[in-house]
Amino acid sequence: MSNLANDKATKAIVKKYGFNFTKSLGQNFLVDANVLGDIVDGADIKENDIVFEIGAGIGTLTEELAKRAKKVIAIEIDKRLIPILNETLSQYDNVEIINQDILKVDLAALVSEYSPNQKIKVVANLPYYITTPIIMRFLEENIELSSMVIMIQREVADRMAARPSTKAYGSLSVAMQYYAESKIIAEAPKEAFVPSPNVDSAVLKINVKQDKGVDLMDSDLFFEVVKGSFSKRRKTILNSLSTYGDFEKDIIEKALGASGIDPKRRGETLTIMEFADLSNRIYCLRRETLNK
Ligand code: SAM
């Protein structure tokens, strides 16, 4: 396992380069070899894999990926870390370090440049201030992607992997389920990082669905229905939805009836299939009304 995955080595290298951690960039570097092992094992890297890592830090995870994968594309925003990465990864000729902001980079172009013929894997200990936007970018932008194994805040991991009728289940859980199957595969205490973050963390494995399994007539409407259904968690779905955005109460009532969903149920009890059916019915009823 990486020589960097311990407190002493990490502190020594940052001291050598006079590097000061920037909290606003989520710079909490992994120093626990067991957790590092959980991430790389969970990612199931094969020798032909092309792996994208977001936020390489001092290269602790990058090194383990480089040992296993065909190629690692490591994106790091902080230019002060580039000389450190050049040193810690000097013996690997299969690592490409890219000094860019993952939120600004043309992701599709980057992926097709480095992996024109095969689906990529994403593995990362993510900067926590932008966890959800990063994950959603990869899922929404039709990137050729097979899986993501990512370290994120425990609470966000719980929400992403949540099932219906649980406290953590919300619009983020449904959005994730639309694109993928997600599962928490490991947990990490605060002490697994230098400096320690304020929250506990978890490793989430996201297997991207090659076939979404739900047919949507209008995906924007679907996501509006999901958001509206969770907008008043303690109220019935009828109340929650009909007072959200520009949903019409009579159409919601009819759509719920046609979908066989009791209007007294709460939004948090609906499965993704029920949300899909409900949004398709609303779509059709609205069209019928327009054509009258
Ligand atoms: N991979 C390293 C590890 O496991 O120790 C570092 C992980 S640290 C939690 C997150 C890293 O993401 C930091 O090195 C930070 O500079 C980098 N980062 C933050 N925002 C970024 C962005 N928008 N694009 C690319 N990298 C970013």
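Residues numbered from 1 in each chain as written. Predicted model: local features only at pLDDT ≥ 70, side-chain atom pairs only at ≥ 80, totals over all residues. Heavy atoms only, no water.

### Brief notes about the domain arrangement of the protein chain
So, point 1. One can read the domain layout of the protein chain as domain 1 (7-208) and domain 2 (219-291).
So, point 2. Put simply, the middle of domain 1 and the middle of domain 2, counted by C-alpha atoms, are 36 Å apart.
So, point 3. Taken together, the contact between domain 1 and domain 2 spans 12 residues of the former and 12 residues of the latter.
So, point 4. Buried area between domain 1 and domain 2, summed over both chains or domains, comes out near 910 Å², and the portion from carbon and sulfur atoms is 69%.
So, point 5. Interface area lost by domain 1 to domain 2 is led by Y169, V174 and Y178, which between them contribute 47%.
So, point 6. For the pair domain 1 and domain 2, the number of links is 4 residue pairs in polar contact (both at pLDDT 80 or more).
So, point 7. The class makeup of the residues in the side of domain 1 that touches domain 2 is 6 nonpolar, 5 polar and 1 charged. (Domains from an automatic or database assignment. Contact = heavy atoms within 4.5 Å. Buried area = accessible area lost by both parts, 1.4 Å probe. Polar contact = N/O pair within 3.5 Å; in protein donor to acceptor, adjacent residues only side chain to side chain. Nonpolar A, V, L, I, M, F, W, Y, C, P; charged D, E, K, R; others polar.)

### As for the site of the ligand
So, point 1. As a structural note, the neighbourhood of the ligand is formed by 23 residues, with Q27, L30, G55, E76 and D101 the closest of them.
So, point 2. Within the contact set of the ligand, an oxygen atom lies 2.9 Å away from a side-chain nitrogen or oxygen of Q27.
So, point 3. In the model, an oxygen atom of the ligand is placed 2.8 Å from a nitrogen or oxygen of the L30 main chain.
So, point 4. Coverage of the ligand by the protein amounts to 100% of the 600 Å² it exposes when considered alone. (Near = heavy atom within 4 Å. Areas by Shrake-Rupley, 256 points an atom, 1.4 Å probe, with all protein chains shown as cover.)

### Examining the nonpolar core
Note on soluble globular proteins: their nonpolar side chains tend to be buried together.
So, point 1. By size, the foremost hydrophobic cluster in this structure holds 66 residues, and its most contacted members are F52, I135, F138 and L278.
So, point 2. Each of domain 1 (7-208) and domain 2 (219-291) accounts for three or more of the residues forming this core.
So, point 3. Discounting residues that sit within four places of it in the chain, I135 has contacts with L126, M148, I150, I152, M160, M176 and I206. (Core = buried A, V, L, I, M, F, W, Y, C linked by side-chain atoms within 4.5 Å. Buried < 20%, exposed > 50% of the residue type's maximum accessible area, 1.4 Å probe, protein only.)

### Observations concerning the pattern of salt bridges
Where charged atoms of side chains with opposite charge meet at close range, the side chains can pair.
So, point 1. For the structure on display, the rule yields 20 salt bridges.
So, point 2. One salt bridge in this structure joins E64 and K67, with 2.8 Å as the shortest N-O distance. Here K67 and E64 lie together in helix α3 (residues 60-68), a separation of 3 residues that amounts to about one turn.
So, point 3. Take K67: its relative accessible area is 42%, and that puts it in the partly exposed class.
So, point 4. Each member of the salt-bridge network shares a partner with another, and the members are E64, K67 and R68. (Salt bridge = Lys/Arg side-chain N within 4 Å of Asp/Glu carboxyl O. Helix = DSSP H or I, 4+ residues; strand = E, 2+ residues; numbered from the N terminus.)

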